[in-house]
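Examining the three-dimensional arrangement
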Amino acid sequence: MLTTEHNIDPASSYADLLWSIIVEKDREKLLEASDGRPETPSEVQTSDPPPLWALIIGINDYTYPTGTLGKLKGAVPDANAMEQYLRTNPNVPSDQIVNLRDKEATRKKIIDAFLSLRDNPRIKCSDPILIYYAGHGTEVEFKDGNIVQTLVPADYLAGETPPIPDRTELVAATTTRINKKKLVRECEVSPDDIPGDLDADICDSESRTRGMRFAEGFAVKGMNSHVLLAACSAKQRALEDKKSLEAHGRFTTALLQLFKEISPDQMTYADVLTKISRIDGQNPQCEGYHRDRILFDAKVRPPTRRCYDVKPLGQSKSKCILEAGKAHGVTDGAEFTLYSNKDAALAGDSLGVMIARDPNIKPFKSILDPVGNDARQLTAPEIAIQTKAGVSEDLLIHVPMEDQYMPVFEAVAREMSGKGPDPCRIRLVGRDQAKLEVVSHEGGQLRFNTLDTRATDHGFTCIPYSVDSTVDDLHRVLRAAAHYTIITIDFFPLIEGYDDNLDPVLSPPEGVNLHQGGRIEYNVDEDAKYGMMIKNNSPWDLYFSCFFFDHADLSIMPLTEVDTQTQYSKDYNLKKDSVVDIGYGDSGIPPIECYVPKDLDVTIGFLKFYFASEVVDLSHVPQISPFTDARGMMQTLKGRKNDPVWGTILIPVIQKRKK
């Protein structure tokens with residue numbers, strides 16, 4: 001049996017197993033790729049508390065609720081979850097965390113907490129401060145067009161207790177770098193509640209405690225003093241998921257899951273937006289001059305960090321061989337800080353930073369190059385610690401360490417050691433990190449359970465197909481799953497009728513839009529036809545294409561024309577201030593028919609629109625289902641040169657069997 005004990009690192013166990021498989025299949029390829037069995041990574045442990053200070057605020061219950069200032073359910077659980085993460089992962093001491101919940105989070109106590117951070121003699125000038133707020137908030141626009149963002153304290157009362165404008169919270173703690181995370185729910189606040197001299201005593205006292213003061217009107221101008229991570233854009237609402245016994249905000253749930261997958265000391269603030277799971281109906285924001293810095297200035301590290309052996313590459317003093325590769329989760333762009341030994345790592349005495357790049361990342365070893373133009377000679381490096389994550393894996397999959405799943409491991413090893421085009425980044429991980437897991441099924445076959453909460457929250461927990469336990473079949477499915485990306489969009493059922501010549505026509509219904517709350521959810525009428533309307537309100541003429549990503553069979557179907565690339569230009573198909581009708585009208589794009597697979601009552605898919613002002617070859621996106629022999633068609637959009645702009649829209653589609 002391959003079964004491992006719970007205290008064994010699953011990453012190391014998987015790496016050892018994959019090494020054995022590749023050795024057995026092709027010893028020469030193994031020797032070429034990695035020169036032998038991978039070394040088990042060691043650890044560097046520190047008992048010093050991280051220099052992180054935090055103020056964590058969560059408000060569910062407001063003293064004076066109104067129509068827009070209602071009771072929340074997920075704000076306090078979110079704040080508690082953030083506190084729990086800080087205390088257990090980076091091991092932030094409790095005396096470095098200030099907590100305010102519900103009725104404790106009055107205006108006075110919140111501002112007092114800001115001031116206590118500013119005046120705390122234990123906080124050094126470069127120590128990071130986290131201000132986490134979950135509760136109601138809003139933007140207030142004044143007659144002069146000035147917009148102020150505010151937090152709403154628990155005792156807010158129009159005309160009596162004002163909200164807390166952003167200028168107050170920033171000036172109150174401007175001695176150190178502030179890392180703010182906001183999870184706000186919109187409510188209404190009058191400009192009359194925010195007079196120009198509100199909290200002037202705080203701003204003035206701040207000026208008096210320093211040897212210089214800010215010029216009037218520029219106290220918190222710009223974003224140099226802090227980095228802001230917000231749950232959504234200014235015009236959106238931060239949403240709560242209330243399907244479990246305890247509600248949570250979608251942003252905090254996704255953020256903490258990201259911290260579980262990638263340590264905060266390995267990514268920048270800006271990286272959060274590219275690596276965090278898609279949040280339906282919300283567009284998280286990252287603002288600040290220092291948005292490209294490592295989170296918390298790289299001063300908050302897990303108490304235990306994995307380190308790998310490293311040595312110079314031959315006679316080269318500027319390249320190194322790292323005893324880790326694809327099997328350990330090394331991906332293109334991963335950066336490693338090199339040290340002479342573990343004591344030097346604990347002391348922070350580094351020899352330099354190096355980067356791993358494809359195709360120099362092998363299954364079990366990687367060649368590291370200097371970062372940028374730094375080609376200095378490295379003196380006897382012995383260990384390397386990953387200090388920045390590379391590109392995200394295409395597929396995080398969990399497979400139990402049991403004999404019956406050996407064909408799955410062989411399929412993963414084949415993809416990991418292959419040199420074909422468009423290789424997939426597949427990583428074996430623990431179940432708590434995985435998006436997909438393999439489970440046994442009747443007749444010796446295997447099935448795939450989805451662990452992505454964006455699907456499981458709607459009741460979709462497994463792909464309704466089983467496959468034979470053969471390496472070829474499993475390899476095909478794993479590649480499809482890695483290439484597959486969940487996506488979504490807007491639409492409505494079409495009305496069938498006749499024109500003046502009694503020819504059948506389709507038209508949209510009045511006032512019906514199934515795209516609500518960031519997703520499309522409806523009971524499928526298999527006899528009905530569906531359409532969409534796309535409107536371009538941007539200042540650009542654009543090209544667009546649309547694909548349907550079907551979670552039930554891992555197929556990606558183009559719903560619009562996809563041409564092959566040519567040397568000729570093509571007219572824009574979505575001009576500025578124009579509307580394109582899909583499924584009706586004169587666009588020529590046929591209507592959509594939907595169905596729920598047999599033996600299922602609910603399925604989920606995603607519609608994804610690609611928009612660009614330049615030619616984008618998307619012919620690689622469509623794929624037929626790995627569970628069927630049906631053939632698909634691949635096409636692409638082309639266009640003329642222009643100043644490039646692009647974007648995508650993603651909307652989930654939940655289809656339920658009509659009762």
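Computed from a predicted model, the values in this text were never measured in an experiment.

A look at the overall build of the protein chain
A tally of regular secondary structure across the protein chain gives 12 helices and 33 strands. Sorting the 659 residues of the protein chain into buried and exposed places 50% on the buried side. Residue pairs in contact within the protein chain that sit at least 24 positions apart in sequence constitute 76% of those at least 6 positions apart. Only carbon and sulfur atoms are counted for the fraction: they give 48% of the accessible area of the protein chain, which is about 31,700 Å².

Examining the side chain of Thr-337
Mapped onto the fold, Thr-337 is located in strand β14 (residues 335-339). Taking the relative accessible area as the measure of exposure, Thr-337 reaches 8% and is therefore buried. Polar contacts involving the side chain of Thr-337 include one to the side chain of Thr-387, which spans 3.0 Å. In this view, Thr-337 contacts Ser-350, Gly-352, Val-353, Ile-383, Ala-384, Ile-385 and Thr-387; residues no more than four positions away in its chain are not counted.

Overview of the sheet that holds strand β23 (residues 492-493)
Across the sheet, which stays open at both edges, the three strands sit in the order β23-β28-β31 with antiparallel pairing between neighbours. Edge positions in the sheet fall to β23 and β31 (578-582), since each has one partner strand and no second. In this structure, β23 lies alongside strand β28 (residues 530-536), joined through two bridges in antiparallel fashion. Bridge assignment links Pro-493 to a residue of β28, and that residue is Tyr-530.

Observations regarding helix α10 (residues 406-417)
Over its 12 residues, α10 extends 16 Å from the first C-alpha to the last, a length consistent with the 16 Å expected when each residue adds 1.5 Å. Counting buried positions along α10 yields nine of 12 residues, so the element is predominantly enclosed. Listing the buried residues of α10 in full gives Pro-407, Val-408, Phe-409, Ala-411, Val-412, Ala-413, Glu-415, Met-416 and Ser-417.

Some thoughts on the sheet that holds strand β20 (residues 436-440)
Strands sit in the order β19-β18-β20-β21-β22 across an open sheet of five strands; the sheet is mixed. Single-partner strands in this sheet number two, and they are β19 (426-428) and β22 (462-467). The sheet shows a mean angle of 30 degrees between the axes of neighbouring strands, taken without regard to direction. Note: β20 against strand β21 (residues 446-450), five bridges, orientation antiparallel. Considered in β21, the bridge of Leu-436 is made with Thr-450. Along the sheet, α10 makes contact with β19, β20 and β21, crossing β19 at roughly 140 degrees.

What to know about the pairing of strand β18 (residues 395-398)
The two faces of β18 match: Leu-395 and Ile-397 on one face and Leu-396 and His-398 on the other face are all buried. One ladder, built from three bridges, connects β18 with β19; its direction is parallel. By the bridge assignment for β19, Leu-395 is matched with Ile-426.

Topic: the confidence of the model for the protein chain
When the pLDDT values of the protein chain are averaged, the result is 76; 73% of them are 70 or greater. Averaged pLDDT values for the elements of the protein chain fall to 45 in helix α2 (residues 27-34) and rise to 96 in strand β3 (residues 97-101). Scored below 50 in pLDDT, residues 203-222 makes 16 contacts in the model with residues more than four places away or belonging to other chains.

Describing the nonpolar core
The biggest cluster of nonpolar side chains holds 38 residues, and the ones touching the most others in it are Ile-397, Phe-409, Phe-448 and Leu-478. Within the residue set of this core, elements represented by two or more residues are α1 (10-25), β18, α10, β19, β20, β21, β22 and α12 (471-483). Excluding residues within four positions of it along the chain, Leu-478 makes contact with Leu-395, Ile-397, Val-408, Ala-411, Val-412, Ile-426 and Phe-448. Ranked by size, the runner-up nonpolar core spans 37 residues in total, among them Ile-582, Ile-589, Leu-618 and Val-653.

So, the packing of aromatic side chains
Counted by the stated rule, this structure contains seven aromatic pairs. A centroid spacing of 5.6 Å and a plane angle of 90 degrees characterise the contact between Phe-547 and Tyr-610, whose relative ring orientation is edge-to-face. Of this pair, Phe-547 sits in strand β29 (residues 543-550) while Tyr-610 sits in strand β32 (residues 602-612), and the two are 63 residues apart along the sequence.

Comments concerning unusual backbone geometry
Residue Asp-358 is joined to Pro-359 through a cis peptide bond whose omega torsion reads 5 degrees. With respect to the helices and strands, the residue Pro-359 is situated in strand β15 (residues 352-361).

Description of the pattern of salt bridges
Close approach of charged atoms allows side chains with opposite charge to pair. Tallying each qualifying case throughout the model produces 15 salt bridges. Between Asp-332 and Arg-357 there is a salt bridge, and its shortest N-O distance comes to 3.7 Å. Placement of the pair is Asp-332 in the loop between β13 (320-322) and β14 and Arg-357 in strand β15, with a sequence separation of 25 residues. Among the residues examined, Arg-357 registers a relative accessible area of 38% and is labelled partly exposed. What emerges from the salt-bridge pattern is a single network uniting Glu-83, Arg-87 and Arg-101.

Structural notes on the environment of Asp-95
As for its placement among the helices and strands, Asp-95 is situated in the loop between α3 (75-88) and β3. Residues Asp-95 and Ala-54 lie 41 residues apart in sequence; the distance between their C-alpha atoms is 9.6 Å. Residues in contact with Asp-95, not counting those within four places in the same chain, are Trp-53 and Arg-122.

Considering the side chain of Thr-603
Tracing the sequence through the fold places Thr-603 in strand β32. Other than its neighbours up to four places away in sequence, Thr-603 contacts Phe-460, Asp-550, Ala-552, Pro-597, Val-653, Ile-654 and Gln-655.

Considerations on the environment of Thr-470
Along the chain, Thr-470 turns up in the loop between β22 and α12. Taking the C-alpha atoms as reference points, Thr-470 and Met-406, 64 residues apart in sequence, are found 9.5 Å from one another.

Focus on the packing of α3 against helix α7 (residues 250-261)
Two elements in contact, α3 and α7, have axes separated by 10 Å at closest approach and are oriented at 15 degrees. Comparing their axes, α7 and α3 come out roughly parallel. In this structure, α3 crosses over α7, and the sense of that crossing is left-handed. Seen from α3, the contacting residues are Asp-78, Ala-81, Met-82 and Tyr-85; seen from α7, they are Thr-252, Leu-255, Leu-256 and Phe-259. Across the contact of α3 with α7, the residue classes break down as six nonpolar, one polar and one charged.

Here's the deal with the environment of Ile-589
One can find Ile-589 in the loop between β31 and β32. With relative accessibility at 16%, the residue Ile-589 sits in the buried group. In this structure, the C-alpha to C-alpha distance between Ile-589 and Thr-560, residues 29 residues apart in sequence, is 6.4 Å. Among all residues touching Ile-589, those that are not within four sequence positions of it are Leu-559, Thr-560, Ile-582, Gly-583 and Tyr-584.

The rules behind the values
- Residues numbered from 1 in each chain as written.
- Predicted model: local features only at pLDDT ≥ 70, side-chain atom pairs only at ≥ 80, totals over all residues.
- Heavy atoms only, no water.
- Helix = DSSP H or I, 4+ residues; strand = E, 2+ residues; numbered from the N terminus.
- Buried < 20%, exposed > 50% of the residue type's maximum accessible area, 1.4 Å probe, protein only.
- Contact = heavy atoms within 4.5 Å.
- Areas by Shrake-Rupley, 256 points an atom, 1.4 Å probe, with all protein chains shown as cover.
- Polar contact = N/O pair within 3.5 Å; in protein donor to acceptor, adjacent residues only side chain to side chain.
- Pairing = 2+ DSSP bridges.
- Expected span 1.5 Å × (residues − 1).
- Axes fitted to C-alpha atoms, helices over the stretch in contact; angles between N-to-C directions.
- pLDDT = per-residue confidence, 0-100.
- Core = buried A, V, L, I, M, F, W, Y, C linked by side-chain atoms within 4.5 Å.
- Phe/Tyr/Trp six-rings, centres within 6.5 Å; stacked < 30°, edge-to-face > 60°.
- Salt bridge = Lys/Arg side-chain N within 4 Å of Asp/Glu carboxyl O.
- Parallel < 35°, antiparallel > 145°, perpendicular 65-115°, else oblique.
- Left-handed = near helix turned anticlockwise from the far one by under 90°.
- Nonpolar A, V, L, I, M, F, W, Y, C, P; charged D, E, K, R; others polar.

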